[in-house]
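Chains, contacts and geometry: an overview
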Amino acid sequence: MSRLSVFNSPLLLGFDHMERVLDRVAKSATDGYPPYNIEQTGPDSLRISLAVAGFAREDLSVTVEENQLIVRGRQAQDDGKRVYIHRGIAARQFQKAFVLAEGIEIVRAGLDNGLLHIDLRRPVPATVVRTIPIDGDLGGEAQILGPDEGTKASR
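This section reports on the structure supplied with the text.

A full pass over the atoms with the stated rule returns four salt bridges. Arg 72 serves as the salt-bridge partner of Glu 65, at 3.4 Å between the closest nitrogen and oxygen. Exposure remark for Glu 65: the relative accessible area of 35% places this residue in the partly exposed category. For Arg 72, a relative accessible area of 28% translates into the label partly exposed. Here Arg 121 ties to Glu 105 by a salt bridge, and the two come within 2.5 Å at their closest N and O atoms. Of this pair, Arg 121 sits in strand 7 (residues 115-121) while Glu 105 sits in strand 6 (residues 105-112), and the two are 16 residues apart along the sequence. The exposure class assigned to Arg 121 is partly exposed, which follows from its relative accessible area of 41%.

The next thing to look at is the packing of aromatic side chains. Summed over all chains, the structure comprises three aromatic pairs. Aromatic side chains Tyr 36 and Phe 98 sit 5.2 Å apart centroid to centroid with 85° between the ring planes, which places their arrangement in the edge-to-face category. One end of the pair, Tyr 36, is in strand 1 (residues 36-42); the other, Phe 98, is in strand 5 (residues 94-99), with 62 residues separating them in the sequence. In this structure Phe 98 comes out as buried when scored by relative accessible area, which is 10%. On the numbers, 5.3 Å between centres and 85° between planes, the contact of Phe 55 with Phe 94 is edge-to-face.

A few words on the sheet that holds strand 4 (residues 68-73). The pairing of strands in a sheet happens through backbone hydrogen bonds and is either parallel or antiparallel. Read from one edge to the other, the open sheet built from three strands follows the order 3-4-5, with strand pairing classed as antiparallel. Unpaired on one side and paired on the other, strand 3 (60-65) and strand 5 mark the two borders of the sheet. Direction aside, neighbouring strands of the sheet carry axes that sit 15° apart on average. Examined bridge by bridge, strand 4 and strand 5 share six bridges and lie antiparallel to one another. From the neighbouring strand, Val 71 faces strand 5, where its bridge partner is Lys 96.

Ordered in space as 1-2-7-6, the four strands form an open sheet in which the pairing is antiparallel. Looking at which strands have only one partner, the edges of the open sheet turn out to be strand 1 and strand 6. Mean inter-strand twist for the sheet, computed between neighbouring axes without regard to direction, equals 20°. Here strand 6 runs beside strand 7; their pairing, made up of seven bridges, is antiparallel. Across the sheet, Ile 106 pairs through a bridge with Leu 120, a residue of strand 7.

Conventions adopted
- Residue indices follow the written sequence of each chain, beginning from 1 at its first position.
- Confidence filtering applies because this is a predicted model: local features only for residues at pLDDT of at least 70, side-chain atom pairs given and counted only at 80 or more, and all residues used for totals across whole chains, interfaces and linings.
- Excluded from the side-chain calculation are hydrogens and water; included are all heavy atoms of the structure.
- One side-chain nitrogen of Lys or Arg within 4 Å of one carboxyl oxygen of Asp or Glu is enough to make a salt bridge.
- Using a 1.4 Å probe on the protein chains alone, a residue whose accessible area is under 20% of its type maximum counts as buried, one over 50% counts as exposed, and one in between counts as partly exposed.
- Working definition: helices are DSSP H or I runs of at least four residues, strands are E runs of at least two. Numbering for both runs from the N terminus.
- Note on aromatic contacts: the rings of Phe and Tyr and the six-membered ring of Trp form a pair at centre separations within 6.5 Å, being stacked when their planes are under 30 degrees apart, edge-to-face when over 60 apart, and tilted otherwise.
- If DSSP finds at least two bridges between two strands, the strands pair.
- Working convention: axes come from line fits to C-alpha atoms, limited for helices to the stretch in contact. Angles between N-to-C directions cover 0 to 180 degrees.

Okay, here's the thing in structure tokens:
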């Protein structure tokens, strides 16, 4: 059975990767641990804050893999010397992924009072207008423009 997609239109060329991104986001949205906030800190900047109480700096990692910001937490195993009457603070490992738009830069990450703050910036892209030359008859053979606008490369 084929799944209906909003990206089926023949006018939306090259958006198949967006469908995969949306599927990835839908799968990761179900896990609520650890809780997090996303706030806008400026016109072109964001901050993600994750509640990571009990995690030391060495227990956390922040990486970017294929336009995904991935935060992982893994605490060292309990040495067994502590006797808990009640254990309400979660000490489980986690992985939280955030899909990043093209061009988003990670500025810094810092741990402060049990909160992991990750600052992001979206640089303002320069507007680029490119004129595409219109050639005469291509002779039936498909031609594509190369990196230099006037260069042709055969398929």
